[in-house]
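# Secondary and tertiary structure notes
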Amino acid sequence: MTTPTPIKMLFENDIRRRIEEVIKVDQTDEEIIREEIKEYVVTDAIRTHYTGIFEAYREAPNKPTDGVSIWVSGFFGSGKSSFAKMLGLAVANRTVAGESAAERFAERTGDKKLQVLLKAINEKIPTHAVIFDVSTDRGIRSGNQALTEIMYGLFLQSLGYAKDLDLSELEIGLEEKGQLARFEEEYERLFKKKWATEKGKVAFALSEASRVLHSLDPDTYPMADSWVKAVKNKADITPGKLADRAGELMKRRKPGLSLMFVVDEVGQFVARDVQKMLDLQAVVQQLGVKGRGKHWVVVTSQEQLGELVSGLDDKKIELARLMDRFPLQVHLEPSDISEVTSRRVLSKNAAAQSALGKLFDEHRGRLTEHTRLTADIKLPQLTREAFIDLYPLLPYQIDLIIQVVSGLRTQGGAGKHVGGANRTIIKLAQQLLINPAVNLADGQLGDLVRLDQVYDLVEGNIGSEVRAKIAAISKELNHPLAQPVAKVICLLQYVKSVHRSAENIALVDAAMRRRFAFLEMHPDSPPVQGVLRDWLAANELPGESAELLDALNARIPHRDFAIGPSYFMRDWIYSEDGGLDEVWETDLLPLLEEHHAGEDLDVRALYGLAVLRRAIGSAQDEHE
Ligand SMILES: Nc1ncnc2c1ncn2[C@@H]1O[C@H](COP(=O)(O)OP(=O)(O)OP(=O)(O)O)[C@@H](O)[C@H]1O
Ligand SMILES: [Mg+2]
């Protein structure tokens, strides 16, 4: 064998570069946004989604329609936020760190048609985008806010109005009468501060505004607090009014522009709450009808819209129209994120591609056979190309890990924007390589990811009780595989479609460790073959055990289950009475039992020491 290649040499990109774990749609740091666009991977499926949306968007102003909304769904970490955010940035063509977001994004797609479409949109349908996350961006008034209210607040803010409803009503009213500038001047004169910066501090701003009004118009507002007393918490917003205001205020502050709301995490927000879902339906409908193709809503959700609606027992009829409101639905699949992971983190340099291809060709049969899980779902195929792209992960592992991560996140209820490392597959793939707990980067070409290594990375999200039990295993059992197997069992509980059978566990974990060093270490071929005979001869011991071993291996149907010579290369076996019996009873038979688990087979009748001795004709010798 030539010198082994360390895994870290295989990659095209710097595997240690920073990868943002969570995509925040309302990220304001332009450098981060720029990086996100630069790192965004447009897979074929994603490209098709964008193309469909851009086509519809370009057509919309010509054919006014009331269905102009987009529902983006996908499992945890599938890229929903990224998808929706890129869409908003590109359509609105924001300037990010001095560059055109649309141009940078178009470049990333590498697709002529898409580039032309986007350019046409940017030129003909300039758009103002309001992008936010409904789970973190609640309005100022806490409590059970409706989506309409949150959307309206952020829309106002994006146009430069106060986010608070009472304050913005005041501003809008003053603006209509042409008195807003005077109000702002008076405010500055009275408080020596700028209204624009102070209006966000609602508690103060309300009374201050009241004082300004009193000072400007003492007839209407006889006292300094007349206005605030009269209006506080009176302003209200309904879906219909939001749609009216959208038209009106866009005309005032962004004349000629279309409007696109990008609202992240809507699914979570409205799920299992009929009232909120009706509100969503109404807001989308109103914006559609009144906006006449110029007001769009893009939302994200873990669940597909159909699932969300059918998850409710009653009220289905009222919600039936919701489906029609979202004519464009994008569902991100595991295959998308698998491709993104391979291209973003695991992409290989040319030398690695050929080395891995060769490795695959040499071991295709064994590899396929030993990674075939029994599952209720169709797991991705192990092809040569997928092997190269995803190595040191195998294609099915991505699907498994997606489910593990999803399971951990649903059960933990962990805050989505706080820490919780390794909450996405992309980050996890990187961590498998570089995290000191696993450190596959320093492993050798041929090593594969094991599921217990994934456990080591996500351990922090697992209940402390379970974790403590698993940690204690190594003290109680000294079988080297006991703990890894427990880790795998623990993780597989999140993967409902893959049974926690002994065979599957062996495949996703233990088996790999033993069999896929890719270095052929088989008792019937060099360098292992003959080792025992040489050792026996060198120690002046009888050759019986070598013959027994050959006979035993000849009976084992599975080549990979073959027993290695090291079991017999122990002095005590030959110096103590019944040494060989002990090896059989404590090592070999239990192991073979395990290999044949689930098969109706009498292991002792096939592999027992006495049986084998008879087979090699040494039974007599023993009695002599
Ligand atoms: N197409 C892509 N190209 C590059 N990176 C991507 C892509 N899609 C997702 N990612 C990365 O995957 C991770 C998760 O993406 P994102 O936050 O958009 O997913 P999500 O579905 O919104 O997740 P969550 O369920 O946590 O809200 C991020 O690190 C993001 O950069
Ligand atoms: Mg998200």
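Residues numbered from 1 in each chain as written. Chains lettered and ligands numbered in written order. Predicted model: local features only at pLDDT ≥ 70, side-chain atom pairs only at ≥ 80, totals over all residues.

### Concerning the overall build of the protein chain
- The helix and strand inventory of the protein chain stands at 32 helices and seven strands.
- Put simply, the protein chain has 624 residues, and 38% of those count as buried.
- Once local pairs closer than 6 in sequence are excluded, the contacts in the protein chain between residues at least 24 apart make up 71%. (Helix = DSSP H or I, 4+ residues; strand = E, 2+ residues; numbered from the N terminus. Buried ≥ 20, exposed ≤ 12 C-beta atoms within 10 Å, placed from the backbone. Contact = placed C-beta atoms within 7 Å.)

### Details of the sheet that holds strand 6 (residues 295-301)
- The strand order 4-5-6-1-7 describes an open sheet built from five strands, whose pairing is parallel. On the outer flanks of this sheet lie strand 4 (127-133) and strand 7 (328-332), each paired with one strand and no other. Within this sheet the neighbouring strands show an average axis-to-axis angle of 15 degrees, counted without direction.
- Pairing analysis gives five bridges linking strand 1 (residues 69-74) to strand 6, with the strands arranged parallel. Pairing of Val72 across the sheet is with Thr300, part of strand 6.
- Its contacts with the sheet place helix 14 (residues 274-291) against strand 1 and strand 6, and it is angled at close to 155 degrees to strand 6. (Pairing = 2+ DSSP bridges. Axes fitted to C-alpha atoms, helices over the stretch in contact; angles between N-to-C directions.)

### A closer look at the site of ligand 1
- If you check the shell around ligand 1, you find 22 residues, and the closest are Ile23, Val41, Gly79, Ser81 and Ser82.
- Put simply, the parts of the chain that give the shell around ligand 1 at least two residues each are helix 3 (80-92) and helix 17 (334-344).
- For the shell around ligand 1, the element with the most residues is helix 3, which contributes three residues.
- Each of domain 1 (30-139 + 254-331) and domain 3 (337-518) gives at least three residues to the shell around ligand 1. (Near = placed C-beta within 6 Å. Domains from an automatic or database assignment.)

### Observations concerning the packing of helix 22 (residues 451-458) against helix 24 (residues 482-492)
- Where helix 22 contacts helix 24, the two axes come as close as 8 Å, and the packing angle between them is 75 degrees. Here helix 24 runs roughly perpendicular to helix 22, going by the angle between their axes. On helix 24, the residues touching Leu451, Asp452, Val454 and Tyr455 of helix 22 are Pro484, Lys487, Val488, Cys490 and Leu491.
- Taken together, the residues that form the contact of helix 22 with helix 24 break down as seven nonpolar, no polar and two charged. (Parallel < 35°, antiparallel > 145°, perpendicular 65-115°, else oblique. Nonpolar A, V, L, I, M, F, W, Y, C, P; charged D, E, K, R; others polar.)

### Quick word on unusual backbone geometry
- The residue after Tyr391, namely Pro392, is reached through a cis peptide bond having omega 5 degrees.
- Of note, Pro392 is situated in the loop between helix 19 (384-390) and helix 20 (395-412).
- Despite not being glycine, Glu265 shows a phi value in the positive range, around 70 degrees.
- Look at Arg292: it is not a glycine, yet its phi comes out positive at around 45 degrees.
- Following the sequence through the fold, Arg292 ends up in the loop between helix 14 and strand 6.

### Some words on the nonpolar core
- With 90 residues, the main nonpolar core has Val262 and Val298 as its most contacted residues.
- Looking at this core, the element that brings in the most residues is helix 3, giving eight residues.
- If you count residues domain by domain, this core takes at least three from each of domain 1 (30-139 + 254-331) and domain 2 (160-231).
- If sequence neighbours within four positions are ignored, Val298 has contacts with Ile70, Val72, Ala84, Leu87, Gly88, Met260, Phe261 and Val262.
- Formed by 51 residues, the second largest nonpolar core is a distinct cluster that contains Ile337, Ala352, Leu432 and Tyr494. (Core = buried A, V, L, I, M, F, W, Y, C linked by C-beta atoms within 7 Å.)

### Let's talk about the packing of helix 12 (residues 239-253) against helix 14
- The N-to-C vectors of helix 12 and helix 14 enclose an angle of 35 degrees; their axes lie 8 Å apart at closest approach. With respect to the hand of their crossing, helix 12 and helix 14 are arranged in right-handed fashion. When helix 12 is examined against helix 14, the residues Pro239, Gly240, Leu242, Ala243, Asp244, Ala246 and Gly247 are found in contact with a partner set consisting of Asp279, Ala282, Val283, Gln286, Leu287, Lys290 and Gly291. (Left-handed = near helix turned anticlockwise from the far one by under 90°.)

### Comments concerning the environment of Tyr455
- When you line up the elements, Tyr455 lands in helix 22.
- When the 24 C-beta atoms within 10 Å are taken as the criterion, Tyr455 is described as buried.
- The spacing of Tyr455 and Leu491 is 36 residues in sequence and 6.8 Å in space, taken between C-alpha atoms.
- With residues near it in sequence (within four places) discarded, Tyr455 still touches Lys487, Cys490 and Leu491.

### Notes on the pairing of strand 6
- Within strand 6, seven of the seven residues are buried, which leaves it mostly tucked inside the rest of the structure.
- Side chains His295, Val297, Val299 and Ser301 project from strand 6 onto one buried face, and the interleaved Trp296, Val298 and Thr300 project onto a second face that is buried too.
- Bridging between strand 5 (residues 258-264) and strand 6 involves five bridges; their strand directions are parallel. Of the residues in strand 6, the one forming a bridge with Val262 is Val298.

### Some thoughts on the environment of Val611
- Locating Val611 in the fold gives a position in helix 31 (residues 609-616).
- Accessibility expressed as a C-beta count within 10 Å gives 15 for Val611, which makes it partly exposed.

### With respect to the confidence of the model for the protein chain
- Residues at a pLDDT of 70 or more form 90% of the protein chain, whose mean pLDDT is 86.
- Across the protein chain, the secondary-structure element scoring lowest on mean pLDDT is helix 32 (residues 619-623), at 52, and the one scoring highest is helix 5 (residues 112-124), at 96.
- Under a pLDDT of 50 for its full length, residues 413-421 has, in the predicted model, eight contacts with residues more than four places off or in other chains.
- In the model, residues 510-521 has pLDDT below 50 throughout and makes 19 contacts with residues more than four positions away in sequence or in other chains. (pLDDT = per-residue confidence, 0-100.)

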